[in-house]
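Fold and contact review
Here is how the chains run, residue by residue.
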Amino acid sequence: MSRPARASVDDESATDPATTGPAASRPTRPGPLAALNPLAKLAAPLPAMIVVVFSRDLVLPLAFIAFALVVLLAGARLSAGLVTALVVGTPVAALVLGVSFGIWVDPSSVAGPEASVVLFGVGDWSFTLAAYLVGLATALRVLAVLMLSLIAGLTSTGTEFVRAAVQNLRVPYRVGYTALAALRFVPRFGHELEIIRAAHRVRGTVAGRGPIAAVRRAFGTAVPLLASAIRHAERVALAMDARAFGAHRTRTERHLMPWRAHDTVFVAAFVAASALIVWATRAF
């Protein structure tokens, strides 16, 4: 008696969020970075992120922000709005966050000639240039980590990360694809919530304004949303059982995410460039 064949994990109506629900179409992300393994785009900036977290100056995180921006603009074909948000929004966010973080700086913990330069004050409290520089350094570190993480985040999907982790890092597929199916519930619930609200508007049950009416509408959508979530969970569970999910230790894959030579070259080149930036900024 022959052993039953292992069903492919990409019978994906249950286990792959990219092929289910209202957002079933897989987004296309052209550009050189899209051809790389998602784990390579995640591993390459990781040493730079660690260095940035433990830095205390302004130049190092600023250099990594510029480096990450160059990599994104050269390796990913981003929309004009996203490019504008990155180029214009990043310095604006740094300036604003510098003030936000600087307000929490203890004035007694900073010294130097900048501590005597008062930018503004309220009563007995004063906001000095030294406090702003400390806050700006913190803001630049946060933005540098964010920009480095966008190299992977803007050029890969969550489905690709899970596939790469299952195939390359030997993460159990029961864990990876189950988590992926659970995460797919979030946009599904958003879609169902919009349908329920539209149905309430058609029936004229959204009358009234103010916080009491808002609470009443929230309770009115909670029960049908919960019922829809239970029905969807049952359908997903039945679909996964029908495809023998979890019956075998391994499963076949329709979409392969191998680690190729150019992934190793990218990681090595990125780490070398990061080391060069660290050396140059320390010398500066």
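Scroll up for the structure.
Below you will find a few notes about this structure. Being a predicted model, the structure only gives us computed values, none of them experimental.

Reading the values: the criteria
Residues numbered from 1 in each chain as written. Predicted model: local features only at pLDDT ≥ 70, side-chain atom pairs only at ≥ 80, totals over all residues. Heavy atoms only, no water. Phe/Tyr/Trp six-rings, centres within 6.5 Å; stacked < 30°, edge-to-face > 60°. Helix = DSSP H or I, 4+ residues; strand = E, 2+ residues; numbered from the N terminus. Buried < 20%, exposed > 50% of the residue type's maximum accessible area, 1.4 Å probe, protein only. Core = buried A, V, L, I, M, F, W, Y, C linked by side-chain atoms within 4.5 Å. Contact = heavy atoms within 4.5 Å. Polar contact = N/O pair within 3.5 Å; in protein donor to acceptor, adjacent residues only side chain to side chain.

Our next topic: the packing of aromatic side chains. Under the definition given, this model contains 4 aromatic pairs. For the pair Phe 185 and Phe 189, a centre-to-centre distance of 5.7 Å together with 80° between the ring planes defines the contact as edge-to-face. Within this pair, Phe 185 and its partner Phe 189 are both found in helix α8 (residues 185-203), separated by 4 residues, close to a single helical turn. Overall, the relative accessible area of 17% leaves Phe 185 in the buried class. Exposure remark for Phe 189: the relative accessible area of 29% places this residue in the partly exposed category.

With that settled, the discussion passes to the nonpolar core. Judged by nonpolar contacts, the single largest core of 36 residues is most densely connected at Leu 33, Phe 64, Met 147, Leu 148, Ile 151, Phe 266 and Phe 270. Looking at this core, the elements that each hand over two or more residues are α2 (46-53), α3 (59-75), α4 (80-103), α5 (129-153) and α10 (261-283). A per-element tally of this core places α5 first, with 11 residues. Setting aside residues no more than four positions away along its own chain, Met 147 makes contact with Ile 65, Ala 68, Leu 69, Leu 72, Leu 86 and Thr 90.

In this section: the side chain of Ser 156. With respect to the secondary-structure elements, Ser 156 resides in the loop between α5 and α6 (158-168). Owing to a relative accessible area of 4%, Ser 156 belongs among the buried residues under this scheme. Within the structure, the side chain of Ser 156 is placed 2.6 Å from the side chain of Lys 41, a separation counted as a polar contact.

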